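Chain and residue survey
As a plain string of letters, each chain reads:
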Amino acid sequence: MSLLSLRHVSRRFGALVALNDISLDIEAGELRALIGPNGAGKTTLFNLISGFFPPSDGEILFGGERIAATDPVTLVRKGIIRTFQITEIFLDLTVYENLRVAVETAMGISLRPWVSRAVRSAVDLRVQELLELVRIGGRAGRVAGELSHGDQRVVEVGMALAHAPRLLLLDEPTAGMGDEETHHMTNLIRQLNRERGITILFVEHDMNIVFGVAERITVLDNGALLAEGTAAEIAANPRVQAAYLGQGGAQARVTGSHADAAS
Ligand SMILES: Nc1ncnc2c1ncn2[C@@H]1O[C@H](COP(=O)(O)OP(=O)(O)OP(=O)(O)O)[C@@H](O)[C@H]1O
Ligand SMILES: [Mg+2]
């Protein structure tokens, strides 16, 4: 049984068909990239899987259970955690406080005015673990709004990890980052998958990252599933080449042959 299955999933916004009859499976332990030109439907797919919108048609199964009409909070409890295309953290809180909020929410104690010392130290321990895991412990006391974009993204991933994801959805985790920040984030993604066994689906426009990190790749174009396969299969797929060529002669982005392929 796949961890995640989409069966004939469509999503319409009025007359616009954002996703059309998508069927796909993601196995537990996979590290999968979701690619496609702007407006292909990648974020919409994340919104459906994470319960922000219901599909117009079709069924979504998580661990064999039907989840298509389930709200995001319930899905977080089931282990489907996503980050957003635009970073969502508390800019006026410190890194530590951001992670503490996430840990408290995950533990179901965020609204309690008083918690025992034992619970307090369990929270602190978990925050420390997360700081080390995403390697941002050196900035724990810094106000998040003063961090670089890349560090803010890392904090956001740390907050997602507080919820013990079984499926982690990352929407353009390296967008707008410099080389060093990108390197840190891609290493983190690999580490979370390999060492923590977290199944990851990430949206990425930079083909060097896609082909350097993903084991399998799913390609959307104009709301339809264009191709799916290993990195080698996708790079050689003429339909994928054509979809990217149609975006303005960006074939190099598909082959990953140019160092300046970042968008
Ligand atoms: N809430 C919404 N209401 C109306 N239309 C929407 C909504 N969300 C997405 N769309 C439309 O659905 C289509 C797919 O959008 P989506 O954001 O999923 O694309 P994307 O692949 O994530 O693109 P990008 O690479 O630019 O982030 C677009 O035409 C978009 O305008
Ligand atoms: Mg998007």
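A brief structural summary. (Residues numbered from 1 in each chain as written. Chains lettered and ligands numbered in written order. Predicted model: local features only at pLDDT ≥ 70, side-chain atom pairs only at ≥ 80, totals over all residues. Heavy atoms only, no water.)

1. Topic: the coordination of the magnesium ion (ligand 2)
Using the following cut-off: Counted as donors are the N, O and S atoms within 2.8 Å of the metal, or 3.2 Å for Na, K and Ca, while water is not among the atoms, so some sites may look incomplete. The numbering of helices and of strands both runs from the N terminus, where a helix is a DSSP run of H or I of at least 4 residues and a strand a run of E of at least 2. Whether a residue is buried, partly exposed or exposed follows from its accessible area with a 1.4 Å probe, protein chains only, as a fraction of its type maximum: under 20%, in between, or over 50%, in that order.
The protein atoms that coordinate the magnesium ion (ligand 2) are Thr 43 (OG1) and Gln 85 (OE1), at distances spanning 2.0 to 2.3 Å. With Thr 43 in helix α1 (residues 42–49) and Gln 85 in the loop between β6 (80–82) and α3 (95–107), this pair connects stretches of sequence that are 42 residues apart. Exposure remark for Gln 85: the relative accessible area of 37% places this residue in the partly exposed category.

2. A word on the nonpolar core
In summary, soluble globular proteins display a tendency toward joint burial of nonpolar side chains. As a reminder of what qualifies: Only buried residues count toward a nonpolar core, which is a set of Ala, Val, Leu, Ile, Met, Phe, Trp, Tyr and Cys residues joined through side-chain atoms within 4.5 Å. Note that the domain bounds were set by an automatic or database domain assignment. Every residue pair with non-hydrogen atoms within 4.5 Å of one another is taken to be in contact.
Within the largest apolar cluster, 53 residues are counted, with the highest numbers of intra-cluster contacts made by Leu 161, Leu 168, Leu 192, Ile 200, Phe 202 and Ile 217. Each of domain 1 (1–79 + 167–263) and domain 2 (87–164) contributes no fewer than three residues to this core. When sequence neighbours within four positions are dropped, the list of residues in contact with Ile 200 reads Glu 30, Leu 31, Arg 32, Leu 168, Leu 170, Ile 189, Leu 192 and Asn 193. One finds Leu 24, Leu 34, Leu 45 and Val 203 within the second-largest nonpolar core, a separate group that totals 25 residues.

3. Considering the packing of aromatic side chains
Applicable threshold: Only centres within 6.5 Å qualify two rings of Phe, Tyr or Trp (six-membered ring in Trp) as a pair; their planes then separate them into stacked at under 30 degrees, edge-to-face at over 60, and tilted for everything else.
Applying the stated criterion across every chain yields a total of two aromatic pairs. Their ring planes at 75° and their centres at 5.5 Å tell us that Phe 13 and Phe 53 sit as a pair that is edge-to-face. Taken together, the positions of Phe 13 in strand β1 (residues 4–13) and Phe 53 in the loop between α1 and β4 (57–62) put the pair 40 residues apart, joining distant regions of the chain. Overall, Phe 53 belongs to the partly exposed group, its relative accessible area being 29%. Seen in terms of ring centroids, Phe 52 and Phe 84 are 5.6 Å apart; in terms of plane orientation they differ by 85°. Their pairing is edge-to-face. Of this pair, Phe 52 sits in the loop between α1 and β4 while Phe 84 sits in the loop between β6 and α3, placing them 32 residues apart in sequence.

4. Section: α3
To be explicit about the condition: Take the residue count of a helix, subtract one, and multiply by 1.5 Å to get its expected span.
Over its 13 residues, α3 extends 18 Å from the first C-alpha to the last, a length consistent with the 18 Å expected when each residue adds 1.5 Å. Among the residues of α3, those classed as buried are Val 95, Tyr 96, Asn 98, Leu 99, Ala 102, Val 103 and Glu 104. Elements that come into contact with the buried residues of α3 comprise α4 (117–133) and α5 (149–161). Once α3 ends, the next one or two residues include Gly 108, with phi positive near 75°.

5. Comments concerning the site of ligand 1
Put simply, the rule is: By convention in these notes, a residue is near a molecule or strand provided one of its non-hydrogen atoms lies within 4 Å of it. A 3.5 Å cut-off defines polar contacts: any pair of N or O atoms within that distance qualifies, except that in protein one atom must be a possible hydrogen donor and the other a possible acceptor, and neighbouring residues in sequence count only when both atoms are side-chain atoms. In these tables, accessible area is a Shrake-Rupley quantity obtained with a 1.4 Å probe, and a residue counts as shielded only by the protein chains included in the view. For this scheme, ten residues count as nonpolar: Ala, Val, Leu, Ile, Met, Phe, Trp, Tyr, Cys and Pro. Four count as charged, namely Asp, Glu, Lys and Arg, and the remainder, Gly too, count as polar.
Taken together, 15 residues lie near ligand 1, and Gly 39, Lys 42, Thr 43, Thr 44 and Gln 85 sit nearest. One of the side-chain N or O atoms of Thr 43 is found 2.9 Å from an oxygen atom in ligand 1. Considering ligand 1 on its own, with 640 Å² of exposed area, one finds that the protein chains cover 64% of that surface. Among the secondary structure elements, those contributing two or more residues to the shell around ligand 1 are β2 (16–26) and α1. Take the shell around ligand 1: its biggest share by element is three residues, from α1. Tallied by class, residues from the shell around ligand 1 come to six nonpolar, seven polar and two charged.

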